[in-house]
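Descriptive analysis of the structure
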Amino acid sequence: MDIINKISVEEKIVLRIKELFDIKKVKKGQILHEANSKCKELSLVISGELDVIKYNFDGKEQLISVLGKNEMFGGPLVFSEAYYPANIIAEKDSEIIEISKEKIMKLFIEEEFMLFFLKELGNKIIKLSQTIDYLSDNSIELRLLKYLKLQYVQQNTKIITLNMSKARIAKEIGTVREVVSRTFKKLENKGIIRNLSNNKIENLRLTDQANNSINSKVSKLNKCGVKGVRFEENGMRWRAGIKVRGKSYDLGSFINFDDAVKARQHAEKLRDENYNSD
């Protein structure tokens, strides 16, 4: 079989873009775009890693997102002729391609590129929602629990590999490395996790601590530990459901795990008020 048929649609699109446009090299620490500067191109990361960072009035930085290989940024901004809401800074030596609005419109003729663009836009919205979810809690412990719980569900294993340093995790959840280190130790002292090494922890009762909700028997296929709630990796959302008298009912999908749990709990309450069976 030809090698081109073995690669994904995403990789084909990136190869096509690399053939059409020049690659720009960015050094680690270089500010690619400053906050409040006008967005003139859609950018595609070819290699390396970029941070999307905002600074508050105290000068503390908040990591909004991490942009890796084959990820786009600036799409909606370039069409609305808007300004970057945050700084784009190279975390590593990186390579990017910048595409003007006029050239993007020509690429939209190709259906595969249009779908690639829309999928990336959807992923950005989901990432932003997760960041908002972290920051909505004043407790750093709860923020870290949410982060670890998501890693547990995505990796589907009791031994969780931390793919970021503690300094990077701190940026992700809006705090500093020292606080994250203390919070990891606090969670270990509570018997919620066990630190195995610098980048591996064992989940002892993450879900119980983070949810403290449903104490019913859970299916072996369930990854999150809450009956009637599962994580959909394709859509990066949580789906809730319930069975009443042998019939299954879909309760919807949610970006926030806690909202899915609440939907399940509300459905259980209604069921128990009207029926005596699961």
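Report on the accompanying structure. None of the values given here were measured: they were computed from a predicted structure.

A word on the overall build of the chain
On a plain count of helices and strands, the chain comes out with nine helices and 14 strands. Across the 278 residues that make up the chain, the buried fraction comes to 40%. Within the chain, residue pairs in contact and separated by at least 24 positions form 63% of the contacts whose partners lie at least 6 positions apart. Just so you have it, the chain exposes about 16000 Å², and 50% of that area is on carbon and sulfur atoms.

As for the sheet that holds strand β3 (residues 41–47)
In space, the four strands of this open sheet follow the order β1-β8-β3-β6, with antiparallel pairing throughout. One side of each edge strand has no neighbouring strand; the edge strands of this open sheet are β1 (24–26) and β6 (72–73). The sheet contact formed by β3 and β6 spans two bridges and is antiparallel. Looking at the pairing, serine 43 lines up with phenylalanine 73 of β6. Along the sheet, helix α1 (residues 9–20) contacts β3, β6 and β8 (94–100); its crossing angle with β3, the most-contacted strand, is approximately 110°.

Observations regarding the sheet that holds strand β9 (residues 159–161)
The pairing of strands in a sheet happens through backbone hydrogen bonds and is either parallel or antiparallel. Strand order across the open sheet formed by three strands is β9-β11-β10, with antiparallel pairing between neighbours. With one partner strand each, in any of the chains shown, β9 and β10 (193–195) form the two edges of the open sheet. The sheet shows a mean angle of 30° between the axes of neighbouring strands, taken without regard to direction. Relative to strand β11 (residues 200–203), β9 is paired through three bridges, and the arrangement is antiparallel. The residue of β11 that forms the bridge with isoleucine 159 is glutamate 202. Helix α5 (residues 140–155) contacts β9, β10 and β11 of the sheet and is inclined by roughly 105° relative to β9. Across the face of the sheet, helix α7 (residues 177–189) comes into contact with β10 and β11 while running at roughly 120° to β10.

Digging into the environment of threonine 161
By the element assignment, threonine 161 lies in strand β9. A sequence separation of 38 residues divides threonine 161 from asparagine 199, and the C-alpha atoms of the two residues are 5.7 Å apart. Here the side chain of threonine 161 touches lysine 200 through a polar contact of 2.8 Å, side chain to side chain.

Structural notes on unusual backbone geometry
Unusually for a residue other than glycine, glutamate 81 sits at a positive phi of about 55°. Mapped onto the secondary structure, glutamate 81 falls in the loop between α2 (75–80) and β7 (87–90). At asparagine 156, a residue that is not glycine, the phi angle is positive and equals roughly 55°. Structurally, asparagine 156 can be placed in the loop between α5 and β9.

Focus on the packing of helix α6 (residues 166–173) against α7
Interaxial distance between α6 and α7 falls to 8 Å at its minimum, and their mutual angle equals 100°. Judged by the angle between their axes, α6 and α7 are roughly perpendicular. Each of Lys166, Ala167, Ile169, Ala170 and Ile173 in α6 lies in contact with α7, whose residues at this interface are Arg177, Val180, Ser181 and Phe184. A breakdown of the residues in the contact of α6 with α7 according to their chemical character gives six nonpolar, one polar and two charged.

Focus on the pattern of salt bridges
Opposite charge on two side chains allows them to pair when their charged atoms are near. Within this structure, the stated rule accounts for 14 salt bridges. For lysine 24, the salt bridge goes to glutamate 98, with nearest N and O atoms at 3.9 Å. Separated by 74 residues along the polypeptide, lysine 24 in strand β1 and glutamate 98 in strand β8 bring together distant segments of the chain. The exposure class of lysine 24 is partly exposed, given its relative accessible area of 35%. Where glutamate 95 meets lysine 25, a salt bridge forms, and the shortest distance between an N and an O atom there is 2.7 Å. Remark: lysine 25 occurs in strand β1 and glutamate 95 occurs in strand β8; sequence separation between them is 70 residues. Linked by salt bridges that have partners in common, Glu49, Asp51, Glu91, Lys92 and Arg168 make up one network.

Observations regarding α7
With 13 residues, α7 extends 19 Å from end C-alpha to end C-alpha; this agrees with the ideal 18 Å at 1.5 Å per step. Within the sequence span of α7, burial applies to Val180, Thr183, Phe184 and Leu187. Down the axis of α7, the sector holding all buried residues measures 105°, keeping them to one side. Exposed and oriented more than 90 degrees from the buried face of α7 are Arg182 and Asn189. The positive-phi residue at the C-terminal boundary of α7 is glycine 191, with phi of around 80°.

Here we look at the environment of glutamate 178
For glutamate 178, the position within the fold is in helix α7. For glutamate 178, a relative accessible area of 49% corresponds to the partly exposed category. Sequence-wise, glutamate 178 and alanine 167 are eleven residues apart; in three dimensions their C-alpha atoms are separated by 8.3 Å.

Conventions used here
Residues numbered from 1 in each chain as written. Predicted model: local features only at pLDDT ≥ 70, side-chain atom pairs only at ≥ 80, totals over all residues. Heavy atoms only, no water. Helix = DSSP H or I, 4+ residues; strand = E, 2+ residues; numbered from the N terminus. Buried < 20%, exposed > 50% of the residue type's maximum accessible area, 1.4 Å probe, protein only. Contact = heavy atoms within 4.5 Å. Areas by Shrake-Rupley, 256 points an atom, 1.4 Å probe, with all protein chains shown as cover. Pairing = 2+ DSSP bridges. Axes fitted to C-alpha atoms, helices over the stretch in contact; angles between N-to-C directions. Polar contact = N/O pair within 3.5 Å; in protein donor to acceptor, adjacent residues only side chain to side chain. Parallel < 35°, antiparallel > 145°, perpendicular 65-115°, else oblique. Nonpolar A, V, L, I, M, F, W, Y, C, P; charged D, E, K, R; others polar. Salt bridge = Lys/Arg side-chain N within 4 Å of Asp/Glu carboxyl O. Expected span 1.5 Å × (residues − 1). Arc of directions from axis to C-beta.

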